[in-house]
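Reading the structure
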Amino acid sequence: MSINKKLIYKTLLTIVGVIILAAGGLMAYLVIPSGFQSRQAEGPKVLTELLKMAQKSQSFNPDPYISSTYRPGDPLYEPLLYIQRHRQGKAEELLKPLVEQGNPDAMYWLAQITYDDSYYSSGPAAKLFQKSAELGNPYAALRLDSNNRECQMFMSGYCDQKWGKLGRKLLQERAAQGDKKAEYYLLQYDENSSEEVHKELERLVTENAKNHYYQPLMNLIYDYYNGSYLTFFKKGRTPTEEDKKTLIKIALIPAHNNFPPAIFNVIYSMIQLIPDNDALNIIKHNIYTDSNSYVCRSYYSEINNKIRDNIIRGAACAIEEDMFINDHLNMDRYTFSLKQKNIKPLTTEELDKAKYIANEILKNKKTVIYIDEMNTRP
């Protein structure tokens, strides 16, 4: 049997050519930026409208709830406050009567904490998401989209493309009525990677910030800080000092409008770039709007720990949160932190003073609800 060497060589060359073309295409994908990536690579200095807003945002908004998802008096304020404080049992007690009354948003949140409870609760949670979606909640519908990775992992028997279509339809209806939040989340489904899409993202982030909805702005800040949308070999690069200062300026917009995640997720991580007096004012203000004592505890035990009164104030923050959750976990953490820093533990007299301050904080607390349907983790 004769072997056609020419045919073999031709086949091998074809295979090698295909491999080279594929490798070249992959390298081009990894190295050559899209229009969206090129715009992102310019850094946060392109956010000119937000930087103008930052210049005007020099003091704290007198309305403590200006950025809160819900305000006191709203049926969902207290249940979400308990979710934020990791007291799902109490939240469930408050949500169930609202669900029985047919409140679709209450159904969403009861589904969320049921789903969080255990893997075996995914069925009941999915049914609540379904009911909420049928009553017009687009975010509940999107949780059951077959393209939703979490749905496929934990509620796979309930995922269906029809829910994704319904969710987008409901978002479109809300966007048509001027809902900028809905318009922003619709854009997340745009697979176009052009520079124009990035500019549209900038516009919607700015419009939502003007409406005091700051999650889109926070997402954009994270993307700039982490280099999330840069090309493969540039992903995760550390931002320049200039870019960090720009991001701090922009993060002060939500911070001055009483949005705690701007402080504990962005500003506190770069607090060395903020003048000491400004940093202290931000921390003091945040005590009364944030449901989490971490920033206060950390600041007074690790950064501003030379004055004994500051050590007492840090303890007060820990005690206040423990009073709400009926535990001593935060004070234990604070005591351990002091020990790690070789700071003398509180005396009985100092502890009594800290408890008094904690009670005053609790009485004057105006806790902001910063979680929402698309950002459910406290």
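These notes cover the structure that comes with them. Within each chain, residues carry numbers counting from 1 in the order of the written sequence. Only residues with pLDDT of at least 70 get local features here, since the model is predicted, and only at 80 or more are side-chain atom pairs given and counted; chain-wide, interface and lining totals rely on the full set of residues. Calculation of side-chain values draws on the structure's entire complement of heavy atoms; hydrogens and water are dropped beforehand.

1. Digging into the environment of Leu 362
- Helix and strand definitions here come from DSSP, where helices need a minimum of 4 consecutive H or I residues and strands a minimum of 2 consecutive E residues; each element is numbered from the N-terminal end. Mapped onto the elements, Leu 362 comes out in helix α20 (residues 348-363).
- In this structure, the C-alpha to C-alpha distance between Leu 362 and Phe 324, residues 38 residues apart in sequence, is 8.5 Å.
- Among residues more than four places away in sequence, those in contact with Leu 362 are Glu 320 and Met 323. Only heavy atoms matter for contacts: two residues are in contact if any of them lie within 4.5 Å across the pair.

2. Here's the deal with the state of the cysteines
- When two cysteine sulfur atoms are found within 2.5 Å, that pair is recorded as a disulfide. Considering all chains together, one arrives at two disulfides under this definition.
- A sulfur-sulfur distance of 2.1 Å marks the disulfide that ties Cys 151 to Cys 159. An S-S torsion of about -120° defines the bridge between Cys 151 and Cys 159 as left-handed.
- Overall, Cys 151 belongs to the buried group, its relative accessible area being 0%. A simple rule labels every residue: compare its accessible area, found with a 1.4 Å probe on the protein chains alone, to the largest value its type can have, and call it buried under 20%, exposed over 50%, or partly exposed in between.

3. Some remarks on the nonpolar core
- Judged by nonpolar contacts, the single largest core of 104 residues is most densely connected at Leu 50, Leu 80, Ile 83, Leu 95, Trp 109, Ile 267 and Tyr 334.
- Filtering out sequence-adjacent residues up to four positions away, Tyr 334 remains in contact with Arg 297, Tyr 300, Ser 301, Asn 310, Ile 311, Gly 314, Ala 315, Ala 318 and Leu 346. For our purposes a nonpolar core is just a set of buried Ala, Val, Leu, Ile, Met, Phe, Trp, Tyr and Cys residues, chained together by side-chain atoms within 4.5 Å.

4. Observations concerning the side chain of Thr 376
- In this fold, Thr 376 is placed in the segment after α20.
- For the purposes of these results, a polar contact is taken to be a pair of N or O atoms within 3.5 Å, where, inside protein, one atom must be able to donate a hydrogen and its partner to accept one; residues adjacent in sequence count only when each atom of the pair is a side-chain atom. A polar atom in the side chain of Thr 376 sits 3.4 Å from the side chain of Gln 112.
- Other than its neighbours up to four places away in sequence, Thr 376 contacts Tyr 108, Trp 109, Gln 112, Arg 143 and Ile 371.

5. Digging into unusual backbone geometry
- Even without being a glycine, Asn 326 presents a positive backbone phi close to 55°.
- Examined against the element boundaries, Asn 326 turns out to sit in the loop between α18 (308-325) and α19 (329-340).
- Phi is positive for Asn 342, close to 55°, though the residue is something other than glycine.
- Among the structural elements, Asn 342 can be located in the loop between α19 and α20.

6. Some details on the environment of Gln 161
- By the element assignment, Gln 161 lies in helix α10 (residues 161-176).
- Residue Gln 161 is classed as partly exposed on the basis of its relative accessible area of 46%.
- As for Gln 161 and Ser 146, which are separated by 15 residues in sequence, their C-alpha atoms are 5.0 Å apart.
- Among residues more than four places away in sequence, those in contact with Gln 161 are Asp 145 and Ser 146.

7. With respect to the pattern of salt bridges
- By convention in these notes, a salt bridge is any Lys or Arg side-chain nitrogen within 4 Å of a carboxyl oxygen on Asp or Glu. Counted according to the given criterion, the structure contains 22 salt bridges.
- The salt bridge involving Arg 203 is made with Glu 183; its shortest N-O contact spans 2.8 Å. Taken as a pair, Arg 203 in helix α12 (residues 195-210) and Glu 183 in helix α11 (residues 180-187) lie far apart in primary sequence, 20 residues in all.
- A network of salt bridges, in which partner residues are shared, links Lys 180, Glu 183, Glu 200 and Arg 203.

8. Comments concerning empty space enclosed by the protein
- Computed over the protein atoms alone on a 1 Å grid, cavities are sets of points where a 1.4 Å probe fits but cannot get out and pockets are open sets with protein on both sides within 12 Å along at least five of seven lines; a residue lines them when it has an atom within 4 Å of a point. Grid points are joined across faces, edges and corners, and a volume is the space filled by probe spheres set on the points. This structure, assessed with the given rule, holds one cavity of 30 Å³ or more.
- Computed from the structure, the largest cavity encloses a volume of approximately 70 Å³.
- Around the largest cavity sit Ile 283, Asn 286, Ile 287, Asp 290, Ser 291, Asn 292, Ser 293, Cys 296, Cys 317, Glu 320 and Lys 365, which together line it.
- Those elements giving two or more residues to the lining of the largest cavity turn out to be α16 (276-286) and α18.
- Each residue is assigned to one of three groups, with Ala, Val, Leu, Ile, Met, Phe, Trp, Tyr, Cys and Pro labelled nonpolar, Asp, Glu, Lys and Arg labelled charged, and all others, Gly among them, labelled polar. Among the residues forming the lining of the largest cavity, the class breakdown is four nonpolar, four polar and three charged.

Interpretation note: all reported values are geometric properties and have no functional meaning in isolation.
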